[in-house]
Every structure is written in structure tokens, then in C-alpha cells.
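Each chain, written out:
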Amino acid sequence: MDIKILRMGHRPQRDQRITTHVGLVGRAFGANGLFLTSSDEKIKKSIDDVSSRFGGDFEVKVGVSWRSVLKNWSGLIVHLTMYGERLVDKSSELKSIDQDILVVVGAEKVPGRVYELADLNISVTNQPHSEIAALAVLLDRIYDGKQLKKHFDGQVKVVPSENDKKVKYLD
Ligand SMILES: C[S@@+](CC[C@H](N)C(=O)[O-])C[C@H]1O[C@@H](n2cnc3c(N)ncnc32)[C@H](O)[C@@H]1O
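By the naming in an unreviewed UniProt entry, the chain goes by tRNA (cytidine(56)-2'-O)-methyltransferase and is assigned to Methanonatronarchaeum thermophilum. Listed in UniProt under the heading Sequence similarities (unreviewed entry), the comment for the chain reads: "Belongs to the aTrm56 family." Comment text from UniProt for the chain, heading Catalytic activity (unreviewed entry), reads "cytidine(56) in tRNA + S-adenosyl-L-methionine = 2'-O-methylcytidine(56) in tRNA + S-adenosyl-L-homocysteine + H(+)".

Okay, here's the thing in C-alpha cells:
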């Protein structure tokens, strides 16, 4: 199952760090790609740099049209919004999905059309918070925690340690 993220409304002056973290959290929590509606190459470079050292197959595409990504997506579309149906009520449905999933997250106001094109509009609580937190919790629910053991075949490997920083550099 492929899970990709569509990040909408990125403002290059304001959202650099948050959008980078949307990609990094998506990658670490089991997604395998990010579509970014802005042409911000710096975001792609930062995330690609992490992938090239730590491994995995996370692909970043910038400058995409959200309409065409949504229209051409052949799996399920899950839009994260504080106005959506509660994640707690949809968890078992999400766990049993066996098709590719596109997760849509916004920055500024998301166009109403996205709510219509999404198969599911999901809220992680109905309180306003962050696309990074909402994405992490959603991925955790979809994978039921299994993504936390995902293997990344990178050159840099952190060795879990009780009280030290251990890193292996592979050839
Ligand atoms: C700054 S927030 C904007 C909040 C916006 N009013 C909304 O529709 O959720 C940016 C993004 O964070 C995500 N987000 C914020 N709070 C959320 C929540 N409680 N549940 C799910 N997603 C949330 C949404 O993807 C939203 O587009």
C-alpha cells in the first residue's frame, strides 16, 4: 500500500520548517511521497538530503497542481481537517483500507472543493492544532503502530542506546 501526502497552501516565506516537517514525519512514519503545490525546491532538497543519508524511498514532487493530483489519484483520498469526522470514529475503517491513500494537509484555508473531492474528511480532535501532529496520529492509526519498526536501508544508521549517541556509517 502506497501512502502519499499532498501539502497544500505552502507559503515559502512562512511555512518552510512546517512543510519540511510534514515531509520528514511522513517519511519516518511510513508514507512514501510528498506532493507540494508550491515550487519550493528548498523543501525538496532538505527532505531528499535526509533520505539520501538515512535511506528509504520517499519521493518529493514540487510545483504540482492540487486539482490534478486529486483528480488523478486512483486510491482513497483522506483530507485532514479539524472540521472532519472524528478519527476515533473512523479508526477501524482506516486500518482495513487495502488501497493507496493520499493524505491531504493544508496550511492556510483549504478550498471547499477539496472537502468534496476527499473520500474522507478526518479530524484528529475538533480542536485547531497542527498538520504535523494530525499527520503523525493518522499514520499511526492506519498502520496500527507497525510503521514504528520500519527498516530504512540508509548509509547512516542510529543504534538505539540507553545513554549514548551511537551512529553507524555503512559503505
Ligand atoms: C493551521 S491548520 C488550519 C486549520 C484549519 N482551520 C482546518 O481546516 O483544520 C493547517 C492544517 O492543519 C491540519 N489540522 C489542524 N488541526 C487539525 C485537526 N484538529 N484535525 C486534523 N487536521 C488538522 C489541517 O490539515 C489544516 O489544513
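Participant: What exactly am I supposed to notice about the overall build of the chain here?
Facilitator: Looking only at helices and strands, one finds six helices and eight strands in the chain. The order of α-helices and β-strands along the chain, N terminus first, is β-α-β-α-β-α-β-α-β-α-β-α-β-β. Taking 16 Å as the expected radius of gyration for a compact globule of 171 residues, we find that the chain reaches 16 Å, a close match to that expectation. Each of the three principal axes of the chain carries a C-alpha extent, and together these read 50 × 35 × 30 Å. Residue pairs in contact within the chain that sit at least 24 positions apart in sequence constitute 79% of those at least 6 positions apart.

Participant: Just checking my understanding: could you explain the packing of helix α4 (residues 87-95) against helix α6 (residues 131-143) for this structure?
Facilitator: A pair of packed helices is captured by two measures, namely the crossing angle of their axes and the spacing between those axes. Viewed as axis vectors pointing N to C, α4 and α6 meet at an angle of 45°, and their least axial separation amounts to 8 Å. Taken as axis vectors, α4 and α6 run oblique relative to one another. For the pair formed by α4 and α6, the contact residues are Leu87, Ser91, Leu94 and Lys95 on the first element and Val137, Leu138, Arg141 and Ile142 on the second. Here the residues of the contact of α4 with α6 are counted per class, giving five nonpolar, one polar and two charged.

Participant: Is there a simple way to think about unusual backbone geometry in this case?
Facilitator: Across the chain, the bulk of peptide bonds are trans and the bulk of non-glycine residues have phi less than zero. For threonine 125, which is not glycine, the phi dihedral falls at a positive 70°. Looking at the secondary structure, you find threonine 125 in the loop between β6 (120-123) and α6. Overall, threonine 125 belongs to the partly exposed group, with 13 C-beta atoms counted inside 10 Å.

Participant: Explanation requested: the packing of helix α1 (residues 16-28) against helix α2 (residues 41-54) in the structure shown.
Facilitator: Orientation of α1 relative to α2, taken along the N-to-C sense of each, is 35°, at an axis distance of 10 Å. Relative to α2, the crossing made by α1 is right-handed. For the pair α1 and α2, the contacting residues are Gln16, Thr19, Thr20, Gly23, Leu24 and Arg27 in the first and Lys42, Ile43, Ser46, Ile47, Val50 and Ser51 in the second. Taken together, the residues that form the contact of α1 with α2 break down as four nonpolar, six polar and two charged.

Participant: Any chance you could explain the site of the ligand here in plain terms?
Facilitator: The immediate surroundings of the ligand are formed by 17 residues, with Leu80, Met82, Gly106, Glu131 and Ala134 found nearest. Taken together, the elements giving at least two residues each to the shell around the ligand come down to β4 (76-86) and α6. It is β4 that contributes the most residues to the shell around the ligand, four residues altogether. Here the residues of the shell around the ligand are counted per class, giving nine nonpolar, seven polar and one charged.

How each quantity is defined
Residues numbered from 1 in each chain as written. Predicted model: local features only at pLDDT ≥ 70, side-chain atom pairs only at ≥ 80, totals over all residues. UniProt positions renumbered as here; feature names shortened; annotations may be inferred. Helix = DSSP H or I, 4+ residues; strand = E, 2+ residues; numbered from the N terminus. Rg over C-alpha atoms; globule rule 2.2 N^0.38 Å. Contact = placed C-beta atoms within 7 Å. Axes fitted to C-alpha atoms, helices over the stretch in contact; angles between N-to-C directions. Parallel < 35°, antiparallel > 145°, perpendicular 65-115°, else oblique. Nonpolar A, V, L, I, M, F, W, Y, C, P; charged D, E, K, R; others polar. Buried ≥ 20, exposed ≤ 12 C-beta atoms within 10 Å, placed from the backbone. Left-handed = near helix turned anticlockwise from the far one by under 90°. Near = placed C-beta within 6 Å.

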